[in-house]
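Geometric and topological summary
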Amino acid sequence: MNTQTLTSYLKILACDGLGVVNARKLLEASQDVTAIFESDFLDRFLELTIPPSIKKLIQEDHHSALIQDELQFIQENNIQCVGFLDNAYPKLLKECADAPVVLFYKGNLNLLQNDCLSVVGTRKISSFGKEMVQNLMTSVAPYNPTIVSGMAYGVDICAYAEARKNKLGMVGVMGTSFKTLYPSAHKKLYYDLFENGLVITEYAGFNTHVPELFTRRNRIIAGLSKATVVVESAEKGGSLITAYFANDYAREVYAIPGRMTDEFSKGCLRLIHENRAQVLYDFNHLIDDLNWNKEIAVKVETEVKKQIDLNQFSAVQQTILKCLQEKELHIDELALQTQLEMATLNAELMMLELDSVVIGLPGKMFKLKY
């Protein structure tokens with residue numbers, strides 16, 4: 001992102017009271033963030049229904065000294081930025097009406113192109129919760145999703161540890177700017193993700209750090225993923241807020257049930273009772289719902305097909321394999337397409353079956369094994 005574009009996004013963040021919904025309205029109208037602060041912008045987009053207070057905001061001085069300081073900090077710390085109008089902006093997040101206008105990040109943004117699964121829960125994780133996170137990560141590992149969470153104590157960091165253990169991509173969403181890595185006890189984990197994962201935030205250094213920022217952060221966790229799993233939660237807490245955001249975005253929410261007497265099972269049970277979450281009674285249930293089994297089967301089949309080198313086979317066998325690459329065929333249709341004598345065709349098909357390249361099906365049908 002060039003300096004002019006980044007400066008314009010920072011100006012938006014510096015407009016206290018503008019809000020992401022109004023900012024998005026301006027961006028979608030102009031399709032150019034730098035145009036918003038041009039003197040004739042409002043004259044060119046008269047159809048925009050913007051309150052007078054918002055019009056005044058975008059025409060005022062926008063804390064230029066703070067913005068220059070932020071630009072310097074971003075440059076010195078190798079922080080990357082992706083704006084709402086950029087092609088690289090996460091597609092699922094962009095579907096959300098209150099998606100951030102800009103994301104600051106360090107790490108591999110391409111991790112968000114994978115299927116993402118958000119994992120959230122209490123900061124006071126129990127041994128049961130740890131076991132559930134471990135089992136969840138082991139179960140989903142073959143499908144290689146990207147795990148999304150916050151960077152708080154408890155379930156967030158347990159998800160980070162288990163994702164790393166299973167060699168899964170991990171995204172940490174911050175409720176602060178990069179000037180304040182919170183909690184400071186997790187700095188080592190932050191630096192690991194800078195190199196081996198991804199850390200993102202919507203906040204600039206001049207945004208005041210207040211508890212409400214962590215609540216707003218939860219919508220990003222929900223918005224980046226097709227599904228959110230709540231591992232453990234009290235009746236009130238950030239993980240329930242994340243679930244509510246996911247509900248609003250029409251994303252799947254799963255809650256791991258526990259005993260009624262356990263404080264940090266009550267939130268999960270509440271979500272289930274209010275029909276805000278499905279009971280996650282088996283991790284294969286989640287995998288089936290998200291069609292990951294089907295997706296990985298297609299992926300494996302495609303990869304193996306690409307690996308078949310026709311040059312390894314005789315000219316006659318190559319002719320047969322080329323016919324079977326499109327679809328399974330009856331032996332009579334194979335004979336017609338290949339123009340081979342039936343005895344020769346049968347002999348070659350037998351050799352290809354022994355080589356585990358072709359499979360014979362009932363009714364004298366044949367297909368490639370992969």
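Computed from a prediction, not measured in an experiment: that's the story for all the values here. (Residues numbered from 1 in each chain as written. Predicted model: local features only at pLDDT ≥ 70, side-chain atom pairs only at ≥ 80, totals over all residues. Heavy atoms only, no water.)

With that out of the way, let us pick up the sheet that holds strand E6 (residues 198–201). A sheet is described by the order of its strands in space; here 9 strands give the open sequence E1-E2-E6-E5-E4-E3-E7-E8-E9, paired in mixed fashion. Whereas interior strands pair on both sides, the edge strands pair on one side only; in this sheet they are strand E1 (80–83) and strand E9 (278–279). Two strands pair when backbone bridges link them, and strand E2 (residues 102–107) and E6 are joined in this way by 4 bridges, in the antiparallel orientation. Each residue of the ladder has a partner; that of Gly-107, found in E6, is Leu-198. Here helix H8 (residues 155–165) sits on the sheet and contacts strand E3 (116–120), strand E4 (146–149) and strand E5 (169–173); the angle it forms with E3, its principal contact strand, is near 135 degrees. (Pairing = 2+ DSSP bridges. Helix = DSSP H or I, 4+ residues; strand = E, 2+ residues; numbered from the N terminus. Contact = heavy atoms within 4.5 Å. Axes fitted to C-alpha atoms, helices over the stretch in contact; angles between N-to-C directions.)

What follows is about unusual backbone geometry. Keep in mind that most residues, glycine aside, have a negative phi and that most peptide bonds are trans. Of note, the amide linkage connecting Tyr-182 to Pro-183 takes the cis form, showing an omega dihedral of -5 degrees. Among the structural elements, Pro-183 can be located in the loop between E5 and helix H9 (187–196). One non-glycine residue, Ala-250, lies in the positive phi region at around 60 degrees. Here Ala-250 is to be found in the loop between helix H11 (238–248) and strand E8 (252–255). On the basis of relative accessibility, which here comes to 71%, the residue Ala-250 falls in the exposed class. The residue Lys-364 is not glycine, and still its phi comes out positive at about 60 degrees. Mapped onto the elements of the fold, Lys-364 is located in the loop between strand E11 (358–361) and strand E12 (365–368). (Buried < 20%, exposed > 50% of the residue type's maximum accessible area, 1.4 Å probe, protein only.)

A word on the environment of Gly-150. Considering the arrangement of structural elements, one finds Gly-150 in the loop between E4 and H8. For Gly-150, a relative accessible area of 0% translates into the label buried. For Gly-150 and Val-171, which are 21 residues apart along the polypeptide, the C-alpha to C-alpha distance reads 8.1 Å. Discounting residues that sit within four places of it in the chain, Gly-150 has contacts with Asp-156, Gly-172, Val-173, Arg-217 and Ile-221.

Together, Glu-252, Asp-282, Asp-288 and Asp-289 give the surface a local cluster of negative charge. When you line up the elements, Asp-288 lands in helix H13 (residues 283–289). (Patch = residues over 30% accessible without salt bridge, like charges linked within 9 Å, V, L, I, M, F, W, Y side chains within 5 Å. Areas by Shrake-Rupley, 256 points an atom, 1.4 Å probe, with all protein chains shown as cover. Salt bridge = Lys/Arg side-chain N within 4 Å of Asp/Glu carboxyl O. Lys, Arg positive; Asp, Glu negative; His and termini not counted. Charge placed at Lys NZ, Arg CZ, Asp CG, Glu CD.)

The final tally for this structure, using the stated rule, is 12 salt bridges. Linking Arg-164 and Asp-192 is a salt bridge whose minimum nitrogen-to-oxygen distance equals 2.8 Å. With Arg-164 in helix H8 and Asp-192 in helix H9, this residue pair connects regions lying 28 residues apart in the sequence.

Here strand E7 (residues 227–230) shows a buried face lined by Ala-227 and Val-229 and a second buried face lined by Thr-228 and Val-230. The pairing of E3 with E7 spans 4 bridges and is parallel. Residue Leu-117 lies in a different strand from E7, and its bridge partner there is Ala-227. Sheet topology places E7 next to E8; 4 bridges connect them, and they run parallel. Across the sheet, Ala-227 pairs through a bridge with Glu-252, a residue of E8. Crossover connection from E7 via H11 to parallel E8: handedness right-handed. (Right-handed = clockwise from strand over helix to strand, strands pointing away.)

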